[in-house]
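# Coordinate analysis (summary)
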Amino acid sequence: MTTVSLTVNGQSVTSDVDPRTLLVQFLRENLRLTGTHVGCDTSQCGACIVHLNGQAVKACTVLAVQAHASAITTIEGIAQGGELHPMQAAFREHHGLQCGYCTPGMIMSAIDIVSRKGNALDEQTIRAELEGNLCRCTGYHNIVKAIAAGAQAMAQAPLQQAAE
Amino acid sequence: MYAFEYHRPTSIREAANLANQSEDIKFLAGGHTLLPTMKLRLASPANLIDLGQIAELRGIERSGDAIVIGAMTKHAEVANSAVVREAIPALANLAELIGDPHVRNRGTIGGSIANNDPSADYPAACLALNATIATDKRRIAADDFFQGIFTTALGEGEIITQISFPIPLRAAYAKFRHPASRYALVGVFVAQHTGGVRLAVTGAGSNGVFRIAAMEEALSRNFVAESLDGISAPMDEMNSDIHADAAYRAHLVGVMARRAVQAAARG
């Protein structure tokens, strides 16, 4: 067993884990944060995307022990005081999901796109940046609309952005 | 994946000592090839030495006429580096074409080169730019480093520390991406140096990354795409699989080589 200490959604966590435990397994099975999904388990689909020190990564291809001393944000950590994050609200408003399986990864990816590319995102940029996220229901159309709207809304919610 | 002992050194020396003292080791860089390989049980090291906490393995700097990149530097860092963009924009462009944004946040240049996947992008840049690969023991010219698919000059327990890329007069990388995996079905990196042109091909070769002397000589005489007219890629060296047969890959090498030369000439 190896000891791993990290911050998850602002809370300190220390745990002894089998070194082969994947970060996504650790989040879901040890911490019971089941919002982060496992889709393909081969770093293609993006359902497992979380933020590691502020960068979007695929948690199925990171060992929990590699996340030692880092800060993780999952889909559970972005709403503030019962208010949906603006990107979550945009996905609801624009019906950017059908079955919902890819949605946590889509939203974590979308927030990362905004942090790198800013709040005024055109369709081409969003589609290119989403190449690491697969959705088998929507055809992406409403996801793209939701991200464009969510990015705009994030500009008007500076407090929430700072919290993230 | 099978169980292993995990080690987290904080210096190159500590990592090298661990490697010397342990049986059946693998170094863990970004993990975006090794971990999937371990999940499939195609690799099952007894000891995994994580290089992720070694600060001296990261960073990008200009050193004289070269760009020097630490082995644990991530693809996203190379793609976004102002230093690389200014000196060798083709190298930043190449890094930006690897995988997807999330993969680029984890995958490293050293990991890519040490693995020498026949479809990886960085080996083509190393060969065409005449890079030198530094390890904890020695310096290796790119021409000597890549020795066939998934095979390099690295010895047991040898750690890549940094890669030094001489700054060319101009260069470009043209990649035909596999639409699903984003690996190079064929990728051609061309670089014009004061001493001549070097052109390296990834994705296509049955024996991994390789240079094409006839194209280099023609481009060294005149660096325009038309210089490649009548020169075809060597068919007997081409990989052939369900994604593309040898004839198609050979054709793509010619097309990508022309595109790379045109892009380099445009600047």
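Note that the coordinates shown come from a computational prediction; the quantities given were computed from them, not determined experimentally. (Residues numbered from 1 in each chain as written. Chains lettered and ligands numbered in written order. Predicted model: local features only at pLDDT ≥ 70, side-chain atom pairs only at ≥ 80, totals over all residues. Heavy atoms only, no water.)

Next up on the list: the overall build of chain A. If you tally the helices and strands in chain A, you get 6 helices and 5 strands. N-terminal to C-terminal, the α/β element order of chain A is β-β-α-β-β-β-α-α-α-α-α. Over its C-alpha trace chain A gives a radius of gyration of 15 Å, about what one expects of a compact globule, namely 15 Å for 164 residues. Overall size of chain A, expressed as C-alpha extent along the three principal axes, is 45 × 35 × 25 Å. Counting the 164 residues in chain A, one finds 51% classified as buried. Relative to all contacts within chain A whose residues are 6 or more apart in sequence, the contacts with residues 24 or more apart total 59%. Total accessible area on chain A stands at roughly 7200 Å², and carbon and sulfur atoms take up 47% of it. Side-chain charges of chain A comprise 10 positive and 13 negative groups, with the mean position of each set lying 5 Å from the other. (Helix = DSSP H or I, 4+ residues; strand = E, 2+ residues; numbered from the N terminus. Rg over C-alpha atoms; globule rule 2.2 N^0.38 Å. Buried < 20%, exposed > 50% of the residue type's maximum accessible area, 1.4 Å probe, protein only. Contact = heavy atoms within 4.5 Å. Areas by Shrake-Rupley, 256 points an atom, 1.4 Å probe, with all protein chains shown as cover. Lys, Arg positive; Asp, Glu negative; His and termini not counted. Charge placed at Lys NZ, Arg CZ, Asp CG, Glu CD.)

The subject of this paragraph is the sheet that holds strand S4 (residues 60–63) of chain B. Whether parallel or antiparallel, the strands of a sheet pair through hydrogen bonds between backbone atoms. Residues and elements named next belong to chain B. Spatially, the 5 strands line up as an open sheet ordered S4-S5-S8-S6-S7, and their pairing is antiparallel. In this open sheet, the two edge strands, each paired with only one partner strand, are S4 and strand S7 (139–141). When the angles between neighbouring strand axes are averaged without regard to direction, this sheet yields 25 degrees. Across 4 bridges, the pairing between S4 and strand S5 (residues 66–70) is antiparallel. Among the inter-strand pairings, Ile-60 is bridged to a residue of S5, identified as Ile-69. (Pairing = 2+ DSSP bridges. Axes fitted to C-alpha atoms, helices over the stretch in contact; angles between N-to-C directions.)

Looking now at the sheet that holds strand S9 (residues 170–177) of chain B. All names here are of chain B. Spatial ordering of the open sheet is given by S9-S10-S11-S12, a layout of 4 strands whose pairing is antiparallel. In this open sheet, the two edge strands, each paired with only one partner strand, are S9 and strand S12 (210–211). Packed onto the sheet, helix H5 (residues 89–96) meets S9 and strand S10 (184–193) and runs at close to 20 degrees relative to S9. Contacts from helix H11 (residues 246–266) reach S9, S10 and strand S11 (196–202) within the one sheet, and its direction differs from that of S10 by about 40 degrees.

Moving on, we get to the interface of chain A and chain B. Contacts between the two partners involve 26 residues from chain A and, on the opposite side, 27 residues from chain B. For the pair chain A and chain B, the summed buried surface comes to about 2300 Å²; carbon and sulfur atoms form 51% of the total. The three residues of chain A that bury the most area against chain B are Arg20(A), Gln66(A) and Glu131(A), which together make up 29% of that side's buried surface. Counting across the interface, chain A meets chain B through 4 salt bridges. Its salt-bridge partner being Arg177(B), residue Glu131(A) comes within 3.2 Å of it at the nearest N-O pair. For the pair chain A and chain B, the interface holds 10 residue pairs in polar contact (both at pLDDT 80 or more). (Buried area = accessible area lost by both parts, 1.4 Å probe. Salt bridge = Lys/Arg side-chain N within 4 Å of Asp/Glu carboxyl O. Polar contact = N/O pair within 3.5 Å; in protein donor to acceptor, adjacent residues only side chain to side chain.)

Here the focus is the nonpolar core. Taken as a class, soluble globular proteins show a tendency for nonpolar side chains to be buried jointly. Ranked by size, the top nonpolar core spans 40 residues in total, and within it Leu91(B), Ile113(B), Tyr122(B), Leu129(B), Ile163(B), Phe165(B) and Phe189(B) carry the most contacts. Considering every element that reaches this core, the biggest residue donor is helix H8 (residues 122–128) of chain B, with 6 residues. If sequence neighbours within four positions are ignored, Leu91(B) has contacts with Ile69(B), Val78(B), Val84(B), Tyr122(B), Ala125(B), Leu129(B), Phe165(B) and Phe189(B). Membership of the second largest hydrophobic core comes to 32 residues, among which are Val13(A), Val17(A), Ala59(A) and Ile72(A). (Core = buried A, V, L, I, M, F, W, Y, C linked by side-chain atoms within 4.5 Å.)

Positive phi, close to 50 degrees, is recorded for Asn9(A), a residue that is not glycine. Within the secondary structure layout, Asn9(A) lies in the loop between strand S1 (2–8) and strand S2 (11–17). When its relative accessible area of 24% is taken as the criterion, Asn9(A) is described as partly exposed. Positive phi values are uncommon outside glycine, yet Arg41(B) reaches one of about 60 degrees. Topologically, Arg41(B) is positioned in the loop between helix H2 (34–39) and strand S3 (47–50).

What follows covers the pattern of salt bridges. By the definition in use, this model includes 21 salt bridges over all chains. We note a salt bridge from Glu123(A) to Arg127(A), for which the minimum N-O separation is 2.7 Å. On the criterion of helical spacing, the pair formed by Glu123(A) and Arg127(A) is a turn pair, its members being 4 residues apart in helix H4 (residues 123–129). A residue is classified by how much of its surface remains accessible, and Arg127(A), at 34% relative accessible area, is partly exposed. A salt bridge links Arg62(B) to Glu86(B), with the nearest nitrogen and oxygen atoms 3.8 Å apart. Here the residue Arg62(B) occupies a position in strand S4, and Glu86(B) occupies one in helix H4 (residues 82–87), the gap between them amounting to 24 residues. Look at Glu86(B) and you get exposed, because its relative accessible area is 60%. Through salt bridges with shared partners, a single ionic network connects Lys58(A), Glu131(A), Asp100(B), Arg177(B) and Arg182(B).

Each assigned domain of chain B is listed here: domain 1 (1–54) and domain 2 (170–266). When each unit is reduced to the centre of its C-alpha atoms, the spacing between domain 1 of chain B and domain 2 of chain B is 34 Å. (Domains from an automatic or database assignment.)

This brings us to the UniProt feature "domain: FAD-binding PCMH-type" (unreviewed entry) in chain B. Within this structure's numbering, the places UniProt gives as "domain: FAD-binding PCMH-type" (unreviewed entry) are residues 1–170 of chain B. Segment residues 1–170 of chain B splits into 34% helix and 21% strand. End C-alpha atoms: 44 Å apart. (UniProt positions renumbered as here; feature names shortened; annotations may be inferred.)

With that out of the way, let us pick up the packing of aromatic side chains. The description of an aromatic ring pair uses the distance of the two centres, along with the angle that the planes make with each other. Scanning all chains against the criterion turns up 2 aromatic pairs over all chains. In this structure, Arg41(B) is placed above the aromatic ring of Tyr2(B), and the distance from its NZ or CZ to the ring centre is 4.2 Å. (Phe/Tyr/Trp six-rings, centres within 6.5 Å; stacked < 30°, edge-to-face > 60°. Lys NZ or Arg CZ within 6 Å of the ring centre and 35° of its normal.)

Turning next to the packing of helix H2 (residues 86–93) of chain A against helix H3 (residues 103–117) of chain A. All names here are of chain A. Contact geometry for H2 and H3: axes closest at 10 Å, N-to-C directions at 125 degrees. Judged by the angle between their axes, H2 and H3 are oblique. Regarding H2 and H3, the two cross each other, and that crossing is right-handed. On H3, the residues touching Met-87, Gln-88 and Phe-91 of H2 are Thr-103, Met-106, Ile-107, Ala-110, Ile-111 and Val-114. Tallied by class, residues from the contact of H2 with H3 come to 7 nonpolar, 2 polar and no charged. (Parallel < 35°, antiparallel > 145°, perpendicular 65-115°, else oblique. Left-handed = near helix turned anticlockwise from the far one by under 90°. Nonpolar A, V, L, I, M, F, W, Y, C, P; charged D, E, K, R; others polar.)

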